[in-house]
Amino acid sequence: MGKNIADKGSACYQFESHLFTSADGKRRYKVWIGIPKKTLPAAGYPVLYMLDGNAAMARLSEPMLLRMSKGSPPVLVAVGYDTDLPFDVIARSYDYTPPGAERINEPRMRGRKGGGSHQFRQLLLEKIVPYVEERAPSDPQKRAIWGHSFGGLFVLDSFYNTAWFHDYFAAAPSLSWGRQRIVALAKESDPAHLQHKSLYLMEGDGVTEQRKGFASDLKDEESQLNQILEQKGVDLHLSRYPGQTHGQIFPSSLTDTLRIMSNTAQ
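Basis of the calculations
- Residues numbered from 1 in each chain as written.
- Predicted model: local features only at pLDDT ≥ 70, side-chain atom pairs only at ≥ 80, totals over all residues.
- Heavy atoms only, no water.
- Helix = DSSP H or I, 4+ residues; strand = E, 2+ residues; numbered from the N terminus.
- Buried < 20%, exposed > 50% of the residue type's maximum accessible area, 1.4 Å probe, protein only.
- Polar contact = N/O pair within 3.5 Å; in protein donor to acceptor, adjacent residues only side chain to side chain.
- Patch = residues over 30% accessible without salt bridge, like charges linked within 9 Å, V, L, I, M, F, W, Y side chains within 5 Å.
- Areas by Shrake-Rupley, 256 points an atom, 1.4 Å probe, with all protein chains shown as cover.
- Salt bridge = Lys/Arg side-chain N within 4 Å of Asp/Glu carboxyl O.
- Pairing = 2+ DSSP bridges.
- Axes fitted to C-alpha atoms, helices over the stretch in contact; angles between N-to-C directions.
- Contact = heavy atoms within 4.5 Å.
- Lys, Arg positive; Asp, Glu negative; His and termini not counted.
- Core = buried A, V, L, I, M, F, W, Y, C linked by side-chain atoms within 4.5 Å.

Considering the side chain of R181
1) Next: The residue R181 is located in helix 7 (residues 177-188) in this model.
2) Next: The exposure class assigned to R181 is buried, which follows from its relative accessible area of 18%.
3) Next: Polar side-chain contacts of R181 include one of 3.0 Å to the backbone oxygen of P99.

Brief notes about a nonpolar patch on the surface
1) Next: A cluster of nonpolar side chains, namely F87, V89 and I90, defines an oily patch on the protein surface of about 250 Å² accessible area.
2) Next: Here V89 is to be found in helix 4 (residues 89-95).
3) Next: Using a relative accessible area of 37% as the deciding quantity, one classes V89 as partly exposed.

Comments concerning the sheet that holds strand 4 (residues 75-81)
1) Next: Taking strand neighbours across the sheet as the criterion, the eight strands line up as 1-2-4-3-5-6-7-8 in an open arrangement whose pairing is mixed. Edge positions in the sheet fall to strand 1 (13-21) and strand 8 (235-240), since each has one partner strand and no second. Between one strand axis and the next, the sheet turns by 15° as a mean value, whatever way the strands run.
2) Next: As paired strands, strand 7 (residues 198-203) and strand 8 are joined by six bridges and run parallel to one another. In the strand pairing of strand 8, L201 is matched with L238.
3) Next: Taken strand by strand, helix 6 (residues 150-161) contacts strand 5 (138-148), strand 6 (167-171) and strand 7, and its axis lies near 140° from that of strand 5.

Notes on the side chain of D139
1) Next: Secondary-structure assignment places D139 in strand 5.
2) Next: No salt bridge forms around the buried D139; measuring N to O, its nearest opposite-charge neighbour K142 is 4.3 Å away.
3) Next: Polar contacts involving the side chain of D139 include one to the main-chain amide nitrogen of Q141, which spans 2.9 Å.
4) Next: Contact partners of D139, with chain neighbours within four places excluded, come to A43, G44 and Y45.

Focus on the nonpolar core
Looking at soluble globular proteins, one finds that nonpolar side chains tend to be buried together.
1) Next: Ranked by internal contacts, the top residues of the largest apolar core, which has 48 residues, are Y49 and Y160.
2) Next: If near-sequence neighbours (up to four positions away) are discounted, Y160 is found in contact with I182, L185, A186, S189, H193, L194, L225 and L229.

Brief notes about unusual backbone geometry
1) Next: Although it is not a glycine, A172 adopts a positive phi angle of roughly 45°.
2) Next: Among the structural elements, A172 can be located in the loop between strand 6 and helix 7.
3) Next: Accessibility expressed as a relative area gives 1% for A172, which makes it buried.
4) Next: Although it is not a glycine, N263 adopts a positive phi angle of roughly 55°.
5) Next: Mapping N263 onto the fold places it in the segment after helix 9 (249-262).
6) Next: Owing to a relative accessible area of 65%, N263 belongs among the exposed residues under this scheme.

Take it as geometry only, folks, not as evidence of what the structure does.
Have a look at this one:
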């Protein structure tokens, strides 16, 4: 990965990092915390948790942080893995995917174990969040989580299952994974648990990149999920990235999420 903004230093953010270990001892996480060099607001800082933290940190730049500092810059929490690679594909396949589809022959898993989202969320909420809150108290109305692809699945799964965050940014979530397990979970979710928070679905045009080898139609999956969520009264925000591939949505959606969280113009 090389050096990121935390290694280089920033005029407007103070960075630190800390290591965590999964309950079963099989996965090690590196978590970067970026605290704005601005006075703590009376209600607390906005805070954004970013999954695939290694790759997310590589996308942060000083000009980007400077733009955010002109608004209401959030605390940045990049939840990554203890690796020099941008993605730990084995660990994220387990951590970011929901249980209930373990027996399905899922080609994208390539033999990797899935279904660990509940355990990862427990670590996030019970270990990582308290560690961050000790250093930078957050505003309950401005807590957010962002994730891309499998990370987008985790964001959706968390939207159904926790109210700690207020804003949930799911970028190009892998909706067809596990025979649309995440869509089935939307159907099963209690509408009462989906209120008083916001969901941002950030997708491509469903045409630019057809996922080869998978029969499911991206537009149909998105339409089905959107309809379910709207019927349950979800505060849903849709963003489109026409002409962008699945991978290109990673940096685009992260940039837009940072803009929204810091309340700054494009």
